2 protein chains.
Amino acid sequence: MNDTQAPGGPADGTKRPDSSRRSERSRRAIYDAALALVAELGYGRTTIEGIAARAGVGKQTIYRWWPSKAAVLMEAFLDLADQAAGGETGFPDTGDLAADLGLVLRATVDEMNNPVYEAPTRALAAEGIVDPELGAQFVEKLLDPSLQLYVRRLRSAEAAGQLRAGIDHRIAVELLVGPLTHRWLMRTLPLTHEYADALVDYALAGLAPRD
Amino acid sequence: MNDTQAPGGPADGTKRPDSSRRSERSRRAIYDAALALVAELGYGRTTIEGIAARAGVGKQTIYRWWPSKAAVLMEAFLDLADQAAGGETGFPDTGDLAADLGLVLRATVDEMNNPVYEAPTRALAAEGIVDPELGAQFVEKLLDPSLQLYVRRLRSAEAAGQLRAGIDHRIAVELLVGPLTHRWLMRTLPLTHEYADALVDYALAGLAPRD
């Protein structure tokens, strides 16, 4: 690994096609190694040295592309989130709010139950809980962008008259995502599609009887 | 400290009153030291040796009363939860469900914002997230008993016709507690009484307009 080109950087007219493919392979190996180590050792005990050894690249390759352990890990997590979304960057908007929310919450349940996503994300969340600086990065780069997709969907629902007037969209999102995350992080009870459906039902219709 | 009597154990007719007072003082010092260290160092790096040194007792005193670090820490957390509840072991039931839930959620917000409770509890939650065995203990001994108090209050509300028929009480509780915990652990936005009130309002009345 002697490439000085950052992965995903602008194409260099002089570089051979092989070099770019090798960079991409190394980048992928580094992400995979980083996430595996975070899942196995926790965030705190994962090191650049460990990632390099597991990925089969030199330590300098990582330092050439990323300034710090936090930076390479955050990009690995962003890449993981992209993969989890399967290339989807939006939020379904069929006009049926309950159906759209149900689809997204069920997919989130599947993700939380998938060890590939679950183990490293759990380790990152745990570290962010006790390290305010890392927690703020986690929220800014990973959590908030995802919550904003919900907020946008709720705005569209409000425009269609499907939400109570004056609802705080952000709090409304937390009513859906909060219980799911609570059950996931605390492992209180199984995370199932039925649970996701109940959350959508209860959040939209409320717990009190309709008079 | 040469007492062999476990704190809170059955009274021993032969022991002097002084011994019992000294035991109680040591027990309190051990709890305080344990919680302070967990808040400062995290759960993993807190040791029996460290607790003993901070509490000013011998290591053997701790081992005489508790079999393991996990055991002394869990009792320290149970004691902390008792203090946080201010001796209250029930849940208000004035007949006004929204008012009662609002009171409890506002008190929970105050607790989450109080560093004395917040710092060690956050460290315990983080450790439970990555250590399934500790997490299960945390849920069984601390979280579930507290959630059961909500469930009981919701049962009483159902009997009074204040809940939709067929609601799963446990999921209903998570609709209130989940968002609060999410905002607290992830530090996304401020935890305020207004937020607590909005959660009660949204959960009970729902997000969709009433036709």
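Calculation notes
Residues numbered from 1 in each chain as written. Chains lettered and ligands numbered in written order. Predicted model: local features only at pLDDT ≥ 70, side-chain atom pairs only at ≥ 80, totals over all residues. Heavy atoms only, no water. UniProt positions renumbered as here; feature names shortened; annotations may be inferred. Helix = DSSP H or I, 4+ residues; strand = E, 2+ residues; numbered from the N terminus. Least-squares fit on C-alpha atoms with pLDDT ≥ 70 in both. Phe/Tyr/Trp six-rings, centres within 6.5 Å; stacked < 30°, edge-to-face > 60°. Buried < 20%, exposed > 50% of the residue type's maximum accessible area, 1.4 Å probe, protein only. Lys NZ or Arg CZ within 6 Å of the ring centre and 35° of its normal. Contact = heavy atoms within 4.5 Å. Buried area = accessible area lost by both parts, 1.4 Å probe. Salt bridge = Lys/Arg side-chain N within 4 Å of Asp/Glu carboxyl O. Nonpolar A, V, L, I, M, F, W, Y, C, P; charged D, E, K, R; others polar.

An unreviewed UniProt entry lists chain A under the name TetR/AcrR family transcriptional regulator, with Streptomyces jumonjinensis as the source organism.

## Some details on the UniProt feature "domain: HTH tetR-type" (unreviewed entry) in chain A
Within the UniProt annotation, "domain: HTH tetR-type" (unreviewed entry) is assigned to residues 24–84 of chain A. End C-alpha atoms of residues 24–84 of chain A are separated by 19 Å, and the span's content is 80% helix alongside 0% strand.

## Some words on the relation of the copies chain B and chain A
Of the two same-sequence chains, chain B is brought onto chain A (RMSD 0.0 Å, axial shift 0.0 Å) by a rotation of 180 degrees. Look at the turn and shift together and you get a two-fold axis relating the two. When C-alpha distances to the rotation axis are compared across chain B, the minimum falls at glycine 206 of chain B, with a value of 1.7 Å.

## What to know about the packing of aromatic side chains
Under the definition given, this model contains six aromatic pairs over all chains. Ring centres of phenylalanine 91 of chain A and tyrosine 150 of chain A lie 4.9 Å apart, and the angle between their planes is 65 degrees; this geometry places the pair in the edge-to-face category. Of this pair, phenylalanine 91 of chain A sits in the loop between helix H4 (69–84) and helix H5 (97–112) while tyrosine 150 of chain A sits in helix H7 (residues 132–159), and the two are 59 residues apart along the sequence. Measuring from ring centre to ring centre gives 6.0 Å for tyrosine 31 of chain B and tryptophan 66 of chain B, while their planes differ by 50 degrees; the resulting arrangement is tilted. A residue pair is termed long-range when its members are at least 10 positions apart, and tyrosine 31 of chain B in helix H1 (residues 17–41) and tryptophan 66 of chain B in the loop between helix H3 (59–65) and helix H4 (69–84) qualify at 35 residues. Each of the two residues, tyrosine 31 of chain B as well as tryptophan 66 of chain B, counts as buried. One residue, arginine 122 of chain A, lies across the ring of tryptophan 184 of chain A, its end atom 5.1 Å from the ring centre. It is arginine 183 of chain B that lies over the ring of tyrosine 195 of chain B; its NZ or CZ is 3.6 Å from the centre.

## Remarks on the environment of tyrosine 150 of chain A
Residue and element names in this part refer to chain A. On the basis of relative accessibility, which here comes to 6%, the residue tyrosine 150 falls in the buried class. Sequence separation between tyrosine 150 and glycine 90 is 60 residues, and the spatial gap between their C-alpha atoms is 9.4 Å. Those residues within four positions of tyrosine 150 in sequence are excluded, and the remaining contacts are Phe91, Leu101, Val104, Leu105, Thr108, Val173 and Val177.

## Some points on the interface of chain B and chain A
Taken together, the 50 residues of chain B in the interface contact 50 residues of chain A. Summed over both partners, the interface of chain B with chain A comes to about 4600 Å²; 66% of that surface belongs to carbon and sulfur atoms. For the interface between chain B and chain A, the tally reads four salt bridges. In this structure, aspartate 201 of chain B engages arginine 164 of chain A in a salt bridge whose closest nitrogen and oxygen atoms are separated by 3.2 Å. Mapped onto the side of chain B that touches chain A, the elements with two or more residues apiece are helix H6 (115–130), helix H7 (132–159), helix H8 (169–186) and helix H9 (193–205) of chain B. Counting residues per element, the side of chain B that touches chain A draws most heavily on H8 of chain B, which supplies 13 residues. Class assignment of the residues belonging to the side of chain B that touches chain A gives a composition of 30 nonpolar, nine polar and 11 charged.

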